[in-house]
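Observations on chain architecture
Below, each chain spelled out in residue letters.
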Amino acid sequence: MSLETLRARLEDKTAKLAVVGLGYVGLPAACLFAASGIEVVGIDRKEDRVRSIARGECPIEGDEPELPALLAQVVGAGALAVTTDLSAVSRVDVVIVAVDTPVEADHSPRYSALEAAIRGIGAHLAVGALVIVESTVSPGTCRDHVARWLTESSGGALGERFHLGHCPERVMPGRLLANMREMARVCGGSSPPVSEAMRALYRHVVAADLDCADLTTAEIVKTSENAYRDVQIAFANELARVCEEAGAEFLEVRALVNKSPGRNVLLAGGGVGGHCIPKDPWLLRHGARTSLPLVEAARAVNESMPAHVGELLEEALAAAGGALAGSRIAVLGYAYLEGSDDDRNSPTEALLAWLDARGASARVHDPFVAGRERDLAAVTSDADALVVMVAHAPYRALDLESLGAAMRRRVLVDARHVVEPIAARSAGFVIRAIGRPRR
């Protein structure tokens, strides 16, 4: 099939689509394309996930507006089918790949899942089909690796046997469908006609700009935008620590700084988690094949924040006549983002390791994360301290008087600016918070 024919079929929605990887990116994408009138098959190696989706049940927990209803709708209408069998790609014209691309301990990319998916796809791919990688990858990956994996597995050449694109996702848990509809996308293609074919596909679900580019440009755009965000957060975290030591309120300083044109200081917090920001700066550096001192320093600052929360806790316990070793700590929040069940690269996990190394025990509560949604009173009872690590809505309305009455000590550390210090002190708590004067 020629690219001209493929583009025409994409424009009139007669092309068929497969989405490989039905997680935070692939599942909402499959639902939106199915709802637009395109025939979609979703493929995932996890059998329990596939069974759940086949029943019209959303496997993504947390507050994800519209997604459960949309999934039930498209599955019920037969617009979205699901399977664990990669051979289903033999019957489609376009394959979107949305699998995890984490980094190793040495910060190099771990492409085992991506390579397995690509080689599996290549073994069954229809002649002339378009493969679009939505997973975030290091600059040069599509050109140097994905194209080779497809060539070796399909037995044909790029531009003849298959076509290749990279359209990196731009989504955040809690806004998956809204982000997919409203955020601009980069359609990086192995040739300009491929980019135009990609635009024809994504126009059915994206209301914002669809910008054409080459593969490497698209890769750099995604990794650099997240590295930029990481640097911004690191500056906010450093500024918050300045405020703590100097005796100023970070939130007030931030608000006043942001009145200056062109300034946008972000919120400080107890760490940076999620699948993207902790790894994408390293993917950018890997593609650059050189050091990136600013980016690497920002990573170090943000990775240090869970330990800083621990230091604030140790200080607060001492002020209340206690010690960290042997203490019982109630940690509120395990997801990396408020309102979400996504606990990938959770800053809370780093804090728990820090506490354990110093002889403290911890119990964790999270209303959205499976296995952590226990009774809040049971988690906080007999605790020596509360640590708020995630700004989940329920934590903004804590009954501090009631919780404190059942605790061994009234100590509170706020890593997310959710507790009013005056209210905490009125309830008898010794409080420390990121970006607040230590008093």
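For the structure, check the block above.
The residue numbers shown here count from 1 along each chain, following its written sequence. With pLDDT at 70 or above as the cut-off, local features in this predicted model cover only qualifying residues; side-chain atom pairs require 80 or more to be listed or tallied, and sums for whole chains, interfaces and linings still use all residues. The side-chain figures draw on all heavy atoms in the structure; neither hydrogens nor water molecules are used.

**Quick notes on the packing of aromatic side chains**
Ring pairs (aromatic) are described by centroid distance and by the angle formed between their planes. Paired rings are identified among Phe, Tyr and Trp, the last through its six-membered ring, by centres lying within 6.5 Å, and are further divided according to the angle between planes into stacked (under 30 degrees), edge-to-face (over 60) and tilted (the rest). In total, this model carries 1 aromatic pair according to the counting rule given. Ring centres of Phe33 and Tyr202 lie 5.7 Å apart, and the angle between their planes is 70 degrees; this geometry places the pair in the edge-to-face category. Pair noted here: Phe33 is in helix α2 (residues 26-36) and Tyr202 is in helix α8 (residues 192-202), with a separation of 169 residues, a long-range link. Grouping residues by exposure puts Phe33 and Tyr202 together as buried. Put simply, a charge is over a ring when the Lys NZ or the Arg CZ is close to the ring centre, within 6 Å, and near the line of the ring normal, within 35 degrees. Looking at Arg372, its charged tip hangs above the ring of Tyr334, at a distance of 4.3 Å from the centre. The helix count covers DSSP runs of H or I at least four residues long, the strand count covers runs of E at least two residues long, and both are numbered beginning at the N terminus. Exposure categories follow from relative accessible area, calculated using a 1.4 Å probe and restricted to protein chains: below 20% of the type maximum is buried, above 50% is exposed, and the middle band is partly exposed.

**Let's talk about the layout of surface pockets**
Only protein atoms enter the calculation, which uses a 1 Å grid: trapped sets of points that fit a 1.4 Å probe without letting it out are cavities, open sets showing protein on both sides within 12 Å along at least five of seven lines are pockets, and any residue with an atom within 4 Å of a point is a lining residue. Grid points are joined across faces, edges and corners, and a volume is the space filled by probe spheres set on the points. Here the second largest pocket defines a volume of roughly 380 Å³. Val272, Pro278, Arg299, Glu303 and Asn345 are, among the 19 residues lining the second largest pocket, the residues nearest its centre. Listed by contribution, the elements that provide at least two residues to the lining of the second largest pocket are α12 (293-303) and α14 (347-357). In terms of residue count, the dominant contributor to the lining of the second largest pocket is α12 (3 residues). The residue inventory of the lining of the second largest pocket, partitioned by class, reads 8 nonpolar, 6 polar and 5 charged. Asp, Glu, Lys and Arg are counted as charged, while Ala, Val, Leu, Ile, Met, Phe, Trp, Tyr, Cys and Pro are counted as nonpolar; the rest, among them Gly, fall into the polar class.

**A short note on the packing of helix α9 (residues 215-246) against helix α13 (residues 305-319)**
Angles shown run from 0 to 180 degrees and are taken between the N-to-C directions of axes, each axis being a line fitted to C-alpha atoms and, for helices, limited to the stretch in contact. At a minimum axis separation of 12 Å, α9 and α13 run at an interaxial angle of 20 degrees. Regarding the angle of α9 to α13, the classification is roughly parallel. The way α9 lies across α13 gives a crossing that is left-handed. Where α9 abuts α13, its residues Asn237, Arg241 and Glu244 lie against Met305, His308, Glu311 and Leu312. Partitioned by chemical class, the residues of the contact of α9 with α13 number 2 nonpolar, 2 polar and 3 charged. We call two directions roughly parallel when the angle between them is under 35 degrees, roughly antiparallel when it is over 145, roughly perpendicular when it lies between 65 and 115, and oblique otherwise. A crossing counts as left-handed when the near helix is turned anticlockwise from the far one by less than a right angle, and as right-handed when that turn is clockwise. Only heavy atoms enter the contact rule, under which two residues are in contact if any of them lie within 4.5 Å.

**Side note on the pattern of salt bridges**
We define a salt bridge as a side-chain nitrogen of Lys or Arg found within 4 Å of a carboxyl oxygen belonging to Asp or Glu. In total, this model carries 30 salt bridges according to the counting rule given. A salt bridge links Asp144 to Arg289; the shortest N-O distance between them is 3.9 Å. Of this pair, Asp144 sits in helix α6 (residues 141-154) while Arg289 is found in the loop between α11 (280-288) and α12, placing the two residues 145 residues apart along the sequence. Asp144 sits in the partly exposed class, given a relative accessible area of 31%. Overlapping salt bridges, with partners in common, bring together Glu244, Glu245, Glu315, Arg432 and Arg438 in one network.

**Some remarks on the side chain of Ser327**
Relative to the helices and strands, Ser327 resides in the loop between α13 and β9 (328-332). The residues contacting Ser327, other than those within four sequence positions of it, are Leu317, Gly359, Ala360, Ser361, Asp384 and Arg408.

**Considerations on the nonpolar core**
Definition of nonpolar core: a set of buried residues of the types Ala, Val, Leu, Ile, Met, Phe, Trp, Tyr and Cys, connected through side-chain atoms within 4.5 Å. Ranked by internal contacts, the top residues of the largest apolar core, which has 50 residues, are Phe33, Val40, Leu80, Ile132, Leu201 and Tyr202. Take this core: its biggest share by element is 7 residues, from α2. Other than its neighbours up to four places away in sequence, Leu201 contacts Leu10, Phe33, Ile38, Val94, Ile96 and Ile132. Counting residues in each nonpolar core, the second largest holds 37 residues, with Cys243, Phe250, Leu266 and Met389 among its members.

**Comments concerning the packing of α2 against helix α4 (residues 67-76)**
Relative orientation of the contacting elements α2 and α4 amounts to 55 degrees, with a least axis distance of 9 Å. Overall, the two elements α2 and α4 adopt an arrangement that is oblique. Crossing geometry of α2 relative to α4 is assigned as left-handed. For the pair formed by α2 and α4, the contact residues are Leu27, Pro28, Cys31, Leu32, Ala34 and Ala35 on the first element and Leu67, Leu70, Leu71 and Val74 on the second. Its residues assigned to classes, the contact of α2 with α4 comprises 10 nonpolar, no polar and no charged.

**Some remarks on α6**
Owing to its 3.6 residues per turn, the α-helix aligns residues three or four sequence positions apart on the same side. An ideal rise of 1.5 Å per residue puts 20 Å on 14 residues; α6 measures up with 18 Å between its terminal C-alpha atoms. For α6, the set of buried residues is Thr141, Cys142, Val146, Ala147, Trp149, Leu150 and Ser154. Buried residues along α6 sit in contact with α5 (112-122), β5 (129-133), β6 (162-166) and α9. Given the number of residues in a helix, its expected span is that number minus one, multiplied by 1.5 Å.

**Section: the side chain of Lys222**
Mapping Lys222 onto the fold places it in helix α9. Classification of Lys222 by relative accessible area gives buried; the value is 3%. In this structure the side chain of Lys222 is engaged in a polar contact, spanning 2.9 Å, whose partner is the backbone oxygen of Glu169. In protein, a polar contact requires one atom able to donate a hydrogen and another able to accept it; more generally it is a pair of N or O atoms within 3.5 Å, and residues adjacent in sequence count only if both atoms are side-chain atoms.

**Focus on the sheet that holds strand β7 (residues 185-189)**
To summarise the sheet geometry, strands pair through backbone hydrogen bonds and adopt either a parallel or an antiparallel arrangement. In this scheme, strands are said to pair when DSSP sees at least two bridges between them. Strand order in the open sheet formed by 8 strands is β3-β2-β1-β4-β5-β6-β7-β8, with mixed pairing between adjacent strands. The open sheet has two edge strands with one neighbour each: β3 (80-83) and β8 (210-214). Across the sheet, the mean angle from the axis of one strand to that of its neighbour is 25 degrees, orientation sign disregarded. Of the strand pairs in this sheet, strand β1 (residues 16-20) and strand β2 (residues 39-43) are connected by 5 bridges, and their pairing is parallel.

**Some words on helix α3 (residues 47-54)**
Within α3 the residues assigned to the buried category are Arg49, Val50, Ser52 and Ile53. All buried residues of α3 fall inside an arc of 160 degrees around its axis, so they share one side. In α3, those exposed residues whose orientation departs by more than 90 degrees from the buried face are Glu47 and Asp48. The inward-facing, buried residues of α3 contact α2, α4 and β3. A positive phi of about 80 degrees marks Gly56, the residue just after α3. In this description, one arc is meant: the one made by directions from the helix axis to the C-beta atoms.

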